[in-house]
Every structure is written in C-alpha cells, then in structure tokens.
Amino acid sequence: MKEEHRLLIALQDLDIMIKEVKDKSTSNELKSLGFKLTGLQELQEAREKLVAKISPTLLQRYEKLSQHYTIAILPVTGDLCLGCFVKLPTSFFSSSNRSKLQACENCGRLLYIP
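Residues numbered from 1 in each chain as written. Predicted model: local features only at pLDDT ≥ 70, side-chain atom pairs only at ≥ 80, totals over all residues. Heavy atoms only, no water.

### Observations regarding the sheet that holds strand β1 (residues 73–77)
Here comes step 1: Strand order in the open sheet formed by four strands is β2-β1-β4-β3, with mixed pairing between adjacent strands. In this open sheet, the two edge strands, each paired with only one partner strand, are β2 (80–81) and β3 (102–103).
Here comes step 2: Alignment of β1 against β2, held across two bridges, turns out to be antiparallel. For Thr77, the partnering residue across the bridge sits in β2 and is Leu80.
Here comes step 3: In the packing of helix α1 (residues 3–22) onto the sheet, the strands contacted are β1 and β4 (110–112), and the crossing angle to β1 comes to about 115°. (Pairing = 2+ DSSP bridges. Helix = DSSP H or I, 4+ residues; strand = E, 2+ residues; numbered from the N terminus. Contact = heavy atoms within 4.5 Å. Axes fitted to C-alpha atoms, helices over the stretch in contact; angles between N-to-C directions.)

Structure, rendered in structure tokens:
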C-alpha cells in the first residue's frame, strides 16, 4: 500500500474522532463512560498536517465521498466492498490494480487491497 493511501486512512480516522468530539450526544455518552474528551484543537492541527501531505486530487475525491459516507475508504475483504457488500469484478484484483486505490462500481467508495 502506498504511503499516501496510509495517510488518507489516518485522515479518515482523525475525521471520525473530530466528528465524535463535536457531536454532543456522542461526546456526552463517551464522557459518561469515563472518557476525557479534550484535544479537539490537537486533532484539527494533526488533520491539517496530514492534509498537506496528500495530493490535492486524492484529497478532493476523499472530501467529496466523506460528505456522503462516514467511512469513505475501506479495505477489500474476500471479493466484497465492505461499504455496500457488492461483489467486486475480477478485473479489480488484477496485478496492475493491486496497489491502486479503486472506486467501488456500486457505491463509489475508495477501496484498497490490504
């Protein structure tokens, strides 16, 4: 897997954490479980640093998908997209495509082969 793909996955994880901290119902639930929810500023700064390392084209594609899906980039397990559970075509698994991020033909999410 390319370094840029790893950065994109880390960005998605940060976005999920930021969303959870900002969401009042989720943050209240996490606080009631004993979690301290501090560091929103640090999360946002870490996000800015990651964004600077990702190509604008890939970032734009991710941002657009993340507006529609909580999880926009997913691993492929077996021969299924884990976003919509549609079986992927065999061409998806060709040796020339193994190291590329590809879009699911059904839901459009970015997929990678771990």
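### A closer look at the side chain of His5
Here comes step 1: You can see His5 is positioned in helix α1.
Here comes step 2: Each residue touching His5, except ones within four places of it in the same chain, is listed here: Leu58, Ile73, Ser99, Lys100 and Leu101.

### As for the side chain of Arg109
Here comes step 1: Here Arg109 lies in the loop between β3 and β4.
Here comes step 2: One buried charged residue, Arg109, remains without a salt bridge, the closest side chain of opposite sign being Asp13 at 13 Å.
Here comes step 3: From its side chain, Arg109 meets the backbone oxygen of Gly83 in a polar contact 3.3 Å long.
Here comes step 4: For Arg109, the residues in contact, after removing those within four places along its chain, are Leu65, Tyr69, Ile71, Ala72, Leu74, Gly83, Cys84, Gln102, Ala103 and Cys104. (Buried < 20%, exposed > 50% of the residue type's maximum accessible area, 1.4 Å probe, protein only. Lys, Arg positive; Asp, Glu negative; His and termini not counted. Salt bridge = Lys/Arg side-chain N within 4 Å of Asp/Glu carboxyl O. Polar contact = N/O pair within 3.5 Å; in protein donor to acceptor, adjacent residues only side chain to side chain.)

### Let's talk about the packing of α1 against helix α3 (residues 40–53)
Here comes step 1: At a closest axis distance of 10 Å, the pairing of α1 and α3 adopts a crossing angle of 155°. In terms of axis orientation, α1 runs roughly antiparallel to α3. You can see that α1 and α3 cross each other, and the crossing is left-handed. Residues Glu4, Leu7, Ala10, Leu11, Leu14, Asp15, Met17, Ile18, Val21 and Lys22 of α1 lie in contact with α3, whose contacting residues are Leu40, Leu43, Gln44, Ala46, Arg47, Leu50, Val51 and Lys53.
Here comes step 2: Considered class by class, the residues forming the contact of α1 with α3 number twelve nonpolar, one polar and five charged. (Parallel < 35°, antiparallel > 145°, perpendicular 65-115°, else oblique. Left-handed = near helix turned anticlockwise from the far one by under 90°. Nonpolar A, V, L, I, M, F, W, Y, C, P; charged D, E, K, R; others polar.)

### Regarding the environment of Leu40
Here comes step 1: Along the chain, the position of Leu40 falls in helix α3.
Here comes step 2: Distance in space between the C-alpha atoms of Leu40 and Leu7 is 19 Å, their sequence separation being 33 residues.

### Some points on the environment of Thr70
Here comes step 1: Mapped onto the secondary structure, Thr70 falls in the loop between α4 (56–68) and β1.
Here comes step 2: Sequence separation between Thr70 and Gln12 is 58 residues, and the spatial gap between their C-alpha atoms is 8.6 Å.
Here comes step 3: Sequence-distant contacts of Thr70, defined by excluding residues within four places in its chain, comprise Gln12, Ile16 and Lys19.

### Here we look at α1
Here comes step 1: Here α1 is 20 residues long and its end C-alpha atoms lie 29 Å apart, about the 28 Å a rise of 1.5 Å per residue gives.
Here comes step 2: Elements in contact with the buried residues of α1: α3, α4, β1 and β4. (Expected span 1.5 Å × (residues − 1).)

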